[in-house]
Amino acid sequence: MDQVLVEICLRVRDIDATLDFYTELFDFEVASRREFPDDKFDLIYLNSPGSSVQIELTYNYDAEPYVIGNGFSHLGVTVNDLEEMHKICKASSYETGELRGLLGGTPSYFFVTDPDGYRIEVKRKH
């Protein structure tokens, strides 16, 4: 059986803030947007340059705040210039952690948190 991971769904509360985060900070592109006003939800699919996996943002119009479970940790994104991306994130309004290395080694990643509380691990591309 041939299986391919094609999408990851995140439920979001503020679609405009979330779109700004992924499209302005990380250069994701809106691949498609489907609105279902009668059913009170929208689906927005984001492409990340260089990846075939999409992020599906599900926006339920009247949703209560979501609780991110303790089983989910983060999404991962690689960048060519980790230090420059860290500066960009630190200068933004988003919660951004310090550069870190595994077991205290050379810095190779940091975390930034999107408007809904999902953490993104930003890693140095090898």
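Residues numbered from 1 in each chain as written. Predicted model: local features only at pLDDT ≥ 70, side-chain atom pairs only at ≥ 80, totals over all residues. Heavy atoms only, no water.

## A word on the overall build of the protein
Right, on to step 1. A tally of helices and strands in the protein yields 2 helices and 7 strands.
Right, on to step 2. Going from the N terminus to the C terminus, the protein shows its helices and strands as β-α-β-β-β-β-α-β-β.
Right, on to step 3. Along the first, second and third principal axes, the C-alpha set of the protein runs to 50 × 40 × 30 Å.
Right, on to step 4. Buried positions account for 34% of the 126 residues belonging to the protein.
Right, on to step 5. Taking all contacts inside the protein whose residues are at least 6 apart in sequence as the whole, residues at least 24 apart take part in 49%.
Right, on to step 6. Carbon together with sulfur atoms contributes 48% to the accessible area of the protein, which is approximately 8100 Å² in total.
Right, on to step 7. Across the protein, the mean location of the 12 positive side-chain charges is 6 Å away from that of the 23 negative side-chain charges. (Helix = DSSP H or I, 4+ residues; strand = E, 2+ residues; numbered from the N terminus. Buried < 20%, exposed > 50% of the residue type's maximum accessible area, 1.4 Å probe, protein only. Contact = heavy atoms within 4.5 Å. Areas by Shrake-Rupley, 256 points an atom, 1.4 Å probe, with all protein chains shown as cover. Lys, Arg positive; Asp, Glu negative; His and termini not counted. Charge placed at Lys NZ, Arg CZ, Asp CG, Glu CD.)

## A few points about the nonpolar core
Right, on to step 1. Counting residues in each nonpolar core, the largest one holds 26 residues, and the members touching the most others are Tyr22, Phe26, Leu57, Val112, Ile120 and Val122.
Right, on to step 2. Those elements giving two or more residues to this core turn out to be strand 1 (7-12), helix 1 (15-25), strand 3 (41-47), strand 4 (54-60), strand 5 (75-79), helix 2 (82-91), strand 6 (109-113) and strand 7 (119-124).
Right, on to step 3. Considering every element that reaches this core, the biggest residue donor is helix 1, with 5 residues.
Right, on to step 4. Sequence-distant contacts of Ile120, defined by excluding residues within four places in its chain, comprise Phe21, Tyr22, Phe26, Leu75, Val77, Phe110, Phe111 and Val112. (Core = buried A, V, L, I, M, F, W, Y, C linked by side-chain atoms within 4.5 Å.)

## Topic: the pattern of salt bridges
Right, on to step 1. Applying the stated criterion to the full structure yields 5 salt bridges.
Right, on to step 2. Note that Asp42 is salt-bridged to Arg33, the shortest N-O span being 3.8 Å.
Right, on to step 3. By relative accessible area, Asp42 is classed as buried at 4%. (Salt bridge = Lys/Arg side-chain N within 4 Å of Asp/Glu carboxyl O.)

## Brief notes about the packing of aromatic side chains
Right, on to step 1. Applying the stated criterion across every chain, the model contains 9 aromatic pairs.
Right, on to step 2. Ring pairs connect the aromatic residues Phe21, Tyr22, Phe26, Phe28 and Tyr94, which therefore count as one cluster. (Phe/Tyr/Trp six-rings, centres within 6.5 Å; stacked < 30°, edge-to-face > 60°.)

## Digging into the sheet that holds strand 2 (residues 29-36)
Right, on to step 1. Taken in spatial order, the 4 strands of this open sheet run 1-4-3-2, and their pairing is mixed. The open sheet has two free edges, formed respectively by strand 1 and strand 2, since each of these has just one partner strand. Across the sheet, the mean angle from the axis of one strand to that of its neighbour is 20°, orientation sign disregarded.
Right, on to step 2. Pairing of strand 1 with strand 4, which is carried by 6 bridges, proceeds in the parallel orientation. (Pairing = 2+ DSSP bridges. Axes fitted to C-alpha atoms, helices over the stretch in contact; angles between N-to-C directions.)

## Considering helix 2
Right, on to step 1. Among the residues of helix 2, Leu82, Met85, His86 and Cys89 are the ones counted as buried. Projected onto a plane normal to the axis of helix 2, the buried residues spread over an arc of 105° and lie on a single side. Along helix 2, the residues that are exposed and aim more than 90 degrees away from the buried face are Lys87 and Ala91.
Right, on to step 2. On the buried face of helix 2, the contacting elements are helix 1, strand 5, strand 6 and strand 7. (Arc of directions from axis to C-beta.)

## Considering the sheet that holds strand 6
Right, on to step 1. Spatially, 3 strands are ordered 5-7-6 in an open sheet, and the strand pairing comes out mixed. Where the open sheet ends on each side, the last strands, each with one partner, are strand 5 and strand 6. For this sheet, the mean angle separating the axes of adjacent strands, direction not counted, is 30°.
Right, on to step 2. Direction of pairing for strand 5 relative to strand 7: parallel, over a ladder of 5 bridges. In the strand pairing of strand 7, Val77 is matched with Val122.

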